[in-house]
Amino acid sequence: MTTALHLARPDDFDRLDGLVAAFHAEAGFETEARVRQAALVPLLDGSPHGVAYLIGPARSPIGYIVICFGWSVEFGGMDGFVDEIYLRPAVRGRGIASEVLNALPKALASAGLRALHLEVERNDSKAVKLYTRAGFKPRQSYMLMSKKL
């Protein structure tokens, strides 16, 4: 992989939070700084529930990806969910996301992950194409359902 991935640590908070805020604004998510901080700090502190990687140069990242961990009887053990992936608009379309989505699952599999899942808007043809090229397949008889607590 030529695109650098750096496991985000506590001293990366400001860089990561800036990227997350940019993604949330672009996507129309309304998240407050304190909510983002409460979600990101445990990941940066080594929570067993997930990881955040900065994409690109460590001091000036161009994006990030967050993987949250779970357990699946169906898939035979630990699984992961791509919670968020974001690249700055100026660097999109260069194959960086494809590189990340092809390389990171291999690394996670060597750490014991059995499956990786993600959510995508059905009408976002660019994203669907990206994820399909990276080996993700829709589960036609399933849909993701959520209940906010």
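Notes on the structure follow. (Residues numbered from 1 in each chain as written. Predicted model: local features only at pLDDT ≥ 70, side-chain atom pairs only at ≥ 80, totals over all residues. Heavy atoms only, no water.)

**As for the environment of Tyr-86**
Position of Tyr-86 relative to the elements: it lies in strand β4 (residues 77-87). A residue is classified by how much of its surface remains accessible, and Tyr-86, at 5% relative accessible area, is buried. For the pair Tyr-86 and Phe-136, spaced 50 residues apart in sequence, the C-alpha separation works out to 17 Å. Those residues in contact with Tyr-86 that sit more than four places away from it in its chain are Leu-19, Ala-22, Phe-23, Glu-26, Ile-55, Ile-62, Gly-63, Tyr-64 and Arg-92. (Helix = DSSP H or I, 4+ residues; strand = E, 2+ residues; numbered from the N terminus. Buried < 20%, exposed > 50% of the residue type's maximum accessible area, 1.4 Å probe, protein only. Contact = heavy atoms within 4.5 Å.)

**As for the pattern of salt bridges**
Tallied over the entire structure, the rule returns 5 salt bridges. Across the pair Arg-34 and Glu-32 runs a salt bridge whose closest N-O atoms are separated by 3.0 Å. On the basis of relative accessibility, which here comes to 45%, the residue Glu-32 falls in the partly exposed class. Arg-139 serves as the salt-bridge partner of Glu-74, at 2.6 Å between the closest nitrogen and oxygen. Within this pair, whereas Glu-74 is found in the loop between β3 (63-72) and β4, its partner Arg-139 is found in the segment after α4 (125-133), the two being separated by 65 residues in sequence. A relative accessible area of 54% places Glu-74 in the exposed class. (Salt bridge = Lys/Arg side-chain N within 4 Å of Asp/Glu carboxyl O.)

**Topic: the nonpolar core**
With 23 residues, the main nonpolar core has Ile-65, Ile-67, Ile-85, Leu-87, Leu-101 and Tyr-131 as its most contacted residues. Contributing elements (two or more residues each) for this core: β2 (50-55), β3, β4, α3 (96-110) and α4. Ranked by the residues each element gives to this core, the list is headed by α3, at 6 residues. For Leu-87, the contacting residues outside a window of four places in its chain are Ile-55, Ile-62, Gly-63, Arg-92, Ile-96 and Ala-97. Membership of the second largest hydrophobic core comes to 14 residues, among which are Leu-16, Val-20, Ala-52 and Tyr-64. (Core = buried A, V, L, I, M, F, W, Y, C linked by side-chain atoms within 4.5 Å.)

**Some remarks on the packing of α3 against α4**
The N-to-C vectors of α3 and α4 enclose an angle of 40 degrees; their axes lie 9 Å apart at closest approach. One finds that α3 runs oblique with respect to α4. Read as a crossing pair, α3 and α4 show a hand that is right-handed. Residues Ala-97, Ser-98, Leu-101 and Asn-102 of α3 lie in contact with α4, whose contacting residues are Leu-130, Tyr-131 and Arg-133. Here the contact of α3 with α4 is built from residues that sort into 4 nonpolar, 2 polar and 1 charged. (Axes fitted to C-alpha atoms, helices over the stretch in contact; angles between N-to-C directions. Parallel < 35°, antiparallel > 145°, perpendicular 65-115°, else oblique. Left-handed = near helix turned anticlockwise from the far one by under 90°. Nonpolar A, V, L, I, M, F, W, Y, C, P; charged D, E, K, R; others polar.)

**Quick look at the packing of helix α1 (residues 13-27) against helix α2 (residues 33-44)**
A pair of packed helices is characterised by two quantities: the angle between their axes and the separation of those axes. At a closest axis distance of 11 Å, the pairing of α1 and α2 adopts a crossing angle of 135 degrees. Between α1 and α2, the angle is such that the two are oblique. In this structure, the crossing between α1 and α2 has a hand that is right-handed. Along the contact surface, α1 presents Phe-13, Leu-16, Asp-17, Val-20, Ala-21 and His-24, while α2 presents Arg-36, Gln-37, Leu-40, Val-41 and Leu-44.

**Considerations on the environment of Arg-122**
Along the chain, Arg-122 falls in the loop between β5 (115-118) and α4. Discounting residues that sit within four places of it in the chain, Arg-122 has contacts with Val-128 and Met-143.

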